[in-house]
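These are the residues of each chain, in order.
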Amino acid sequence: MSPLDDTSSRIADSARNGAGRPRDIRVDLRLIADMVDPGSRVLDVGCGDGALLDFLTHEKGVDGRGIELSMDGVHRCVKQGLSVIQGDAEADLKDYPADAFDYVILGQTLQAMREPKRVLEHMVRIGRHAIVSFPNFGYWRIRFQLLVHGRMPVTEQLGYQWWETPNIHLCTIADFVELCRVAGVTIERGVIVNRAGRVTGSGYGGLTNLLGEQAVFLLRRG
């Protein structure tokens, strides 16, 4: 059974048994949640509307904290009873002490960072583990669009025109693996997801850079 299928099964069992209300979250968020141990201390960087924090709090009993740039996102999180503060991760992560959390999570946000290497270094300093998910710019459909149309691709995962996108450092799976090497970060696990939202691999070699639409990596200090 794949990590995604296993996570989905546990969510359904929880709902049937009355142990909690069912929650529908993005595929990459389910995979991130599957990497987090129950009862852990978690910092969700760029937590958005709090969907992952809410899931982890109710399904895994984590001690969760969040940091979010958008005040609208902060307000939505607080209304759910989540512990989230407004802040700029690139400016504020340096102020967190080392090993303050078991997991520091960055979901679909690395490509929007001005200094992704520095953010990654702070994540593995602050947490015993870091979890990062991102869209793979090396995915074959993106390559095909560039080849045929000669224009910046717009896909479900990268749904912006080039002139309005918040994504300033798009990367491929191979690029991210190289970033981890340069930053001295150890990859413990990589999960690759295809366009249909199915897990297609648990590594990051071979054809994953061509066939994976998005990736989730579990990391630690080297």
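Caption draft 1: Representation of the overall build of the protein. Looking only at helices and strands, one finds 9 helices and 8 strands in the protein. Within the protein, the proportion of its 222 residues that are buried is 48%. A fraction of 65% describes how many contacts in the protein between residues 6 or more apart in sequence connect residues 24 or more apart. Approximately 10900 Å² of the protein is accessible, and the part contributed by carbon and sulfur atoms is 51%.

Caption draft 2: Layout of the environment of V119. Mapped onto the elements, V119 comes out in helix α6 (residues 116–126). Linking V119 and L93, residues 26 residues apart in sequence, is a C-alpha distance of 7.5 Å. Those residues within four positions of V119 in sequence are excluded, and the remaining contacts are E90, L93, L106 and M113.

Caption draft 3: Fine view of the nonpolar core. Ranked by internal contacts, the top residues of the largest apolar core, which has 31 residues, are V132, F176 and L219. Sorting the residues of this core by element identifies β1 (41–45), β4 (101–107), α6, β5 (127–135), α8 (173–183), β6 (185–193) and β8 (214–221) as the ones contributing at least two each. Those residues in contact with V132, other than ones at most four positions away along the chain, are L106, L110, L120, M123, F176, A215, V216, F217 and L219. Counting residues in each nonpolar core, the second largest holds 19 residues, with I25, V62, I131 and V216 among its members.

Caption draft 4: Spotlight on the pairing of β1. Extensive coverage of β1 is indicated by the burial of 4 of its 5 residues. Two strands pair when backbone bridges link them, and β1 and strand β2 (residues 63–68) are joined in this way by 5 bridges, in the parallel orientation. In the sheet register, L43 faces β2, and the bridge partner there is R65. Each parallel crossover has a hand, and for β1 linked through helix α3 (residues 51–60) to β2 it is right-handed.

Caption draft 5: Quick peek at the packing of helix α2 (residues 27–35) against α3. Where α2 meets α3, the closest approach of the two axes is 10 Å, and the angle between their N-to-C directions is 40 degrees. Compared by their axis directions, α2 and α3 come out oblique. When you trace α2 past α3, the crossing you get is right-handed. Where α2 approaches α3, its residues L29, I32, A33 and D34 are matched on the opposing element by A51, L52, F55, L56 and K60. Residue classes in the contact of α2 with α3 are distributed as 7 nonpolar, no polar and 2 charged.

Caption draft 6: Quick look at the environment of R195. Among the secondary structure elements, R195 is positioned in the loop between β6 and β7 (199–201). Measuring from C-alpha to C-alpha, the distance between R195 and R141 comes to 9.6 Å, with 54 residues separating the pair along the chain. Excluding residues within four positions of it along the chain, R195 makes contact with Y139, R141 and E213.

Caption draft 7: View of the packing of aromatic side chains. In the structure shown here, the tally under the stated rule is 6 aromatic pairs. A ring pair is formed by Y96 and F101, whose centres lie 6.2 Å apart and whose planes are at 55 degrees; its orientation type is tilted. Residue class for Y96 comes out buried when judged on its relative accessible area of 17%. Here the aromatic residues F134, F176, Y204 and F217 are joined through ring pairs into a cluster of three or more.

Caption draft 8: Spatial organisation of helix α4 (residues 71–79). Listed in full, the buried residues belonging to α4 are G73, V74 and C77. One face of α4 carries all of its buried residues, which in axial projection span an arc of 100 degrees. Facing away from the buried surface of α4 by more than 90 degrees, the exposed residues are D72 and K79. Buried residues along α4 sit in contact with β2 and β3 (84–86). The N-cap of α4, judged by a side-chain oxygen 3.2 Å from the amide nitrogen of D72 a few residues on, is S70.

Caption draft 9: Quick look at the pattern of salt bridges. Throughout the structure, instances matching the rule amount to 12 salt bridges. One salt bridge in this structure joins E90 and R114, with 3.7 Å as the shortest N-O distance. Separated by 24 residues along the polypeptide, E90 in helix α5 (residues 89–92) and R114 in the loop between β4 and α6 bring together distant segments of the chain. By relative accessible area, E90 is classed as buried at 17%. Note on R114: relative accessible area 52%, which makes it exposed. In this structure, the salt-bridge partner of R181 is E178, at a minimum N-O distance of 2.6 Å. Note that R181 and E178 are positioned in helix α8 at a spacing of 3 residues, about one turn of the helix. Assessed through its relative accessible area of 57%, R181 is described here as exposed.

Calculation notes
- Residues numbered from 1 in each chain as written.
- Predicted model: local features only at pLDDT ≥ 70, side-chain atom pairs only at ≥ 80, totals over all residues.
- Heavy atoms only, no water.
- Helix = DSSP H or I, 4+ residues; strand = E, 2+ residues; numbered from the N terminus.
- Buried < 20%, exposed > 50% of the residue type's maximum accessible area, 1.4 Å probe, protein only.
- Contact = heavy atoms within 4.5 Å.
- Areas by Shrake-Rupley, 256 points an atom, 1.4 Å probe, with all protein chains shown as cover.
- Core = buried A, V, L, I, M, F, W, Y, C linked by side-chain atoms within 4.5 Å.
- Pairing = 2+ DSSP bridges.
- Right-handed = clockwise from strand over helix to strand, strands pointing away.
- Axes fitted to C-alpha atoms, helices over the stretch in contact; angles between N-to-C directions.
- Parallel < 35°, antiparallel > 145°, perpendicular 65-115°, else oblique.
- Left-handed = near helix turned anticlockwise from the far one by under 90°.
- Nonpolar A, V, L, I, M, F, W, Y, C, P; charged D, E, K, R; others polar.
- Phe/Tyr/Trp six-rings, centres within 6.5 Å; stacked < 30°, edge-to-face > 60°.
- Arc of directions from axis to C-beta.
- Polar contact = N/O pair within 3.5 Å; in protein donor to acceptor, adjacent residues only side chain to side chain.
- Salt bridge = Lys/Arg side-chain N within 4 Å of Asp/Glu carboxyl O.

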